[in-house]
Amino acid sequence: MITAEKIHDNTMKLKAGEFTANLGNTSNDDVKECAMMGLIRNQKIVLEERLNDAKLKFADANLVKDNWSCAKEREIDCKVLEGQISILSKIERDLEDMLTPVKMPPD
């Protein structure tokens, strides 16, 4: 089973050039913020795909009689993935709130 640390290490192995892009008039900080949010969203997509696979395996394990230990393991896998997605969603919401610029009304 892939741990959260391995996933984190794999997603953080970016080349320096991949973290910035030429987006016209945007500042370097804006580009980094967009890249950071993109990493979080992409990781959520990966985890959601893994969760779908885990749910299928859980369903298959439940169909086999007297296979409660395998079914329980599959259920735990689903719960772990749901927890990871929940944590990423909270981080994503918090960062969006923190990074969203506040526009001041004109005087």
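Residues numbered from 1 in each chain as written. Predicted model: local features only at pLDDT ≥ 70, side-chain atom pairs only at ≥ 80, totals over all residues. Heavy atoms only, no water.

Caption draft 1: Structural context of the overall build of the protein chain. The helix and strand inventory of the protein chain stands at 3 helices and 0 strands. Tracing the protein chain from N to C terminus, the helices and strands come up as α-α-α. Expressed as a percentage of its 107 residues, the buried residues of the protein chain come to 19%. Long-range pairs, those at least 24 residues apart, make up 68% of the contacts in the protein chain with a sequence separation of at least 6. Element-wise, carbon and sulfur atoms account for 58% of the exposed surface of the protein chain, whose accessible area totals about 8,400 Å². (Helix = DSSP H or I, 4+ residues; strand = E, 2+ residues; numbered from the N terminus. Buried < 20%, exposed > 50% of the residue type's maximum accessible area, 1.4 Å probe, protein only. Contact = heavy atoms within 4.5 Å. Areas by Shrake-Rupley, 256 points an atom, 1.4 Å probe, with all protein chains shown as cover.)

Caption draft 2: Focus on the environment of Glu96. Its location among the elements puts Glu96 in helix 3 (residues 68-99). Taking the relative accessible area as the measure of exposure, Glu96 reaches 30% and is therefore partly exposed. When sequence neighbours within four positions are dropped, the list of residues in contact with Glu96 reads Met37 and Arg41.

Caption draft 3: Representation of the nonpolar core. By size, the foremost hydrophobic cluster in this structure holds 10 residues: Met37, Ile40, Leu47, Leu51, Ala54, Cys78, Leu81, Ile85, Leu88 and Leu95. Every element with two or more residues in this core is listed here: helix 2 (28-63) and helix 3. Those residues in contact with Ala54, other than ones at most four positions away along the chain, are Cys78 and Leu81. (Core = buried A, V, L, I, M, F, W, Y, C linked by side-chain atoms within 4.5 Å.)

Caption draft 4: Spotlight on the packing of helix 2 against helix 3. Close contact between helix 2 and helix 3 brings their axes to 9 Å; oriented N to C, the two are set at 160°. For the element pair helix 2 / helix 3, the angle class is roughly antiparallel. Once helix 2 is placed against helix 3, the crossing between them reads as left-handed. Across the contact of helix 2 with helix 3, the residue classes tally to 17 nonpolar, 4 polar and 12 charged. (Axes fitted to C-alpha atoms, helices over the stretch in contact; angles between N-to-C directions. Parallel < 35°, antiparallel > 145°, perpendicular 65-115°, else oblique. Left-handed = near helix turned anticlockwise from the far one by under 90°. Nonpolar A, V, L, I, M, F, W, Y, C, P; charged D, E, K, R; others polar.)

Caption draft 5: Looking closely at unusual backbone geometry. Not every positive phi belongs to a glycine, and Asp66 is a case in point at roughly 60°. Its place among the elements puts Asp66 in the loop between helix 2 and helix 3.

Caption draft 6: Local environment of the pattern of salt bridges. Inspection of every chain in the model, using the stated rule, returns 6 salt bridges. One salt bridge connects Lys44 with Glu92, and the closest N-O pair in it is separated by 2.8 Å. One end of the pair, Lys44, is in helix 2; the other, Glu92, is in helix 3, with 48 residues separating them in the sequence. Side by side, Lys44 and Glu92 carry an identical accessibility label, which is buried. The partner of Lys79 in a salt bridge is Glu82, and the shortest N-O contact between them spans 3.9 Å. Note that Lys79 and Glu82 are positioned in helix 3 at a spacing of 3 residues, about one turn of the helix. Here Lys79 falls in the exposed class, since its relative accessible area comes to 53%. Taken together, the salt bridges that share partners define one network made up of Arg41, Lys44, Glu92 and Glu96. (Salt bridge = Lys/Arg side-chain N within 4 Å of Asp/Glu carboxyl O.)

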